[in-house]
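One letter stands for each residue in the lines below.
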Amino acid sequence: MLYRGTYEGGCFCGAIRYRFEDVFDAGYCHCSICRRTSGAPVIAWVNSPRAAFRVLQGSPRLVATSADFQRAFCDQCGTLMWTESIDPARWDMVSVHHGTIDRAAEIEPAVHICHDDRLPWLRIDDVLPRAPDSRPPHPGGRGDPRWQA
Ligand SMILES: [Zn+2]
Ligand SMILES: [Zn+2]
């Protein structure tokens, strides 16, 4: 894990609230689906073990955005809050959209994914690893000082 701890978050209007334990990985995604569903030129995500992710309040609207993944939106205010595999057996993480986490300032992105899809004018001046597609190297193998197995 990159971070241990309990984190909570929710949508803009407060109808939906969630909680998760621990952060396996965190980064930026430059893919066109993240751009379109968020309205932003790049999004930041936090991957947490699905077994410890809970909806505390409200019922999100789940929208399938590809053959394998669905995204959770608030049907009151429209906030995009997380992405998960439609079949829970396919992926054991939930990808929480970073800006909806209450203590977002405590979780720093560690990698860029889908870097080949980035907008050509976007300049992000960091030294984080850049994965060309949606499969970043395992965080334990990137030499990140935060990693603890
Ligand atoms: Zn809402
Ligand atoms: Zn994406």
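Before reading on, note that the structure itself is shown above.
What you see is a predicted model, and the numbers here were worked out from it, not measured in a lab.

Parameters and conventions
- Residues numbered from 1 in each chain as written.
- Chains lettered and ligands numbered in written order.
- Predicted model: local features only at pLDDT ≥ 70, side-chain atom pairs only at ≥ 80, totals over all residues.
- Helix = DSSP H or I, 4+ residues; strand = E, 2+ residues; numbered from the N terminus.
- Rg over C-alpha atoms; globule rule 2.2 N^0.38 Å.
- Buried ≥ 20, exposed ≤ 12 C-beta atoms within 10 Å, placed from the backbone.
- Contact = placed C-beta atoms within 7 Å.
- Pairing = 2+ DSSP bridges.
- Axes fitted to C-alpha atoms, helices over the stretch in contact; angles between N-to-C directions.

Draft legend 1. How the structure looks around the overall build of the chain. Check the secondary structure of the chain and you find one helix and ten strands. Starting at the N terminus, the α and β elements of the chain follow one another as β-β-β-α-β-β-β-β-β-β-β. For 149 residues, the compact-globule estimate of 2.2 N^0.38 gives 15 Å, and the C-alpha radius of gyration of the chain, at 15 Å, lies within 12% of that figure. Each of the three principal axes of the chain carries a C-alpha extent, and together these read 40 × 35 × 30 Å. In the chain, which comprises 149 residues, the proportion classed as buried is 32%. Contacts in the chain between residues at least 24 apart in sequence constitute 55% of all its contacts with a sequence separation of at least 6.

Draft legend 2. Molecular detail of unusual backbone geometry. Despite not being glycine, Asp22 shows a phi value in the positive range, around 70°. Under the C-beta neighbour-count criterion, Asp22 is labelled partly exposed, with 15 such atoms within 10 Å. We note that Cys114 has phi near 55°; this positive angle belongs to a residue other than glycine. Tracing the sequence through the fold places Cys114 in the segment after β10 (111-113).

Draft legend 3. Looking closely at the pairing of strand β2 (residues 17-23). Sheet topology note: the strand β1 (residues 3-10)/β2 ladder contains six bridges and is antiparallel. When the sheet's bridge partners are listed, Tyr3 is paired in β2 with Val23. Once β1 ends, the chain turns through six residues before running back antiparallel as β2, passing Gly14 with a positive phi of about 95°. One ladder, built from three bridges, connects β2 with strand β5 (residues 54-57); its direction is antiparallel. Residue Arg17 lies in a different strand from β5, and its bridge partner there is Gln57.

Draft legend 4. Seen up close, the sheet that holds strand β4 (residues 43-49). Reading across from one edge, β6-β7-β8-β9-β4-β3-β10 is the order of the seven strands in this open sheet, with mixed pairing throughout. A strand with exactly one partner marks an edge of an open sheet, and here the two such strands are β6 (61-64) and β10. Strand-to-strand twist in this sheet, taken as the mean axis angle between neighbours without regard to direction, amounts to 30°. As judged from the three bridges shared by strand β3 (residues 25-29) and β10, these two strands associate in the parallel manner. Counterpart to Gly27 in the pairing with β10 is Val111.

Draft legend 5. Fine view of the environment of Asp102. Looking at the element boundaries, Asp102 is found in the loop between β9 (93-97) and β10. On the basis of neighbour count, Asp102 is assigned to the exposed category, with 12 C-beta atoms found within 10 Å. For the pair formed by Asp102 and Gly9, sequence separation is 93 residues and the distance between their alpha carbons is 4.8 Å. Contact partners of Asp102, with chain neighbours within four places excluded, come to Glu8 and Gly9.

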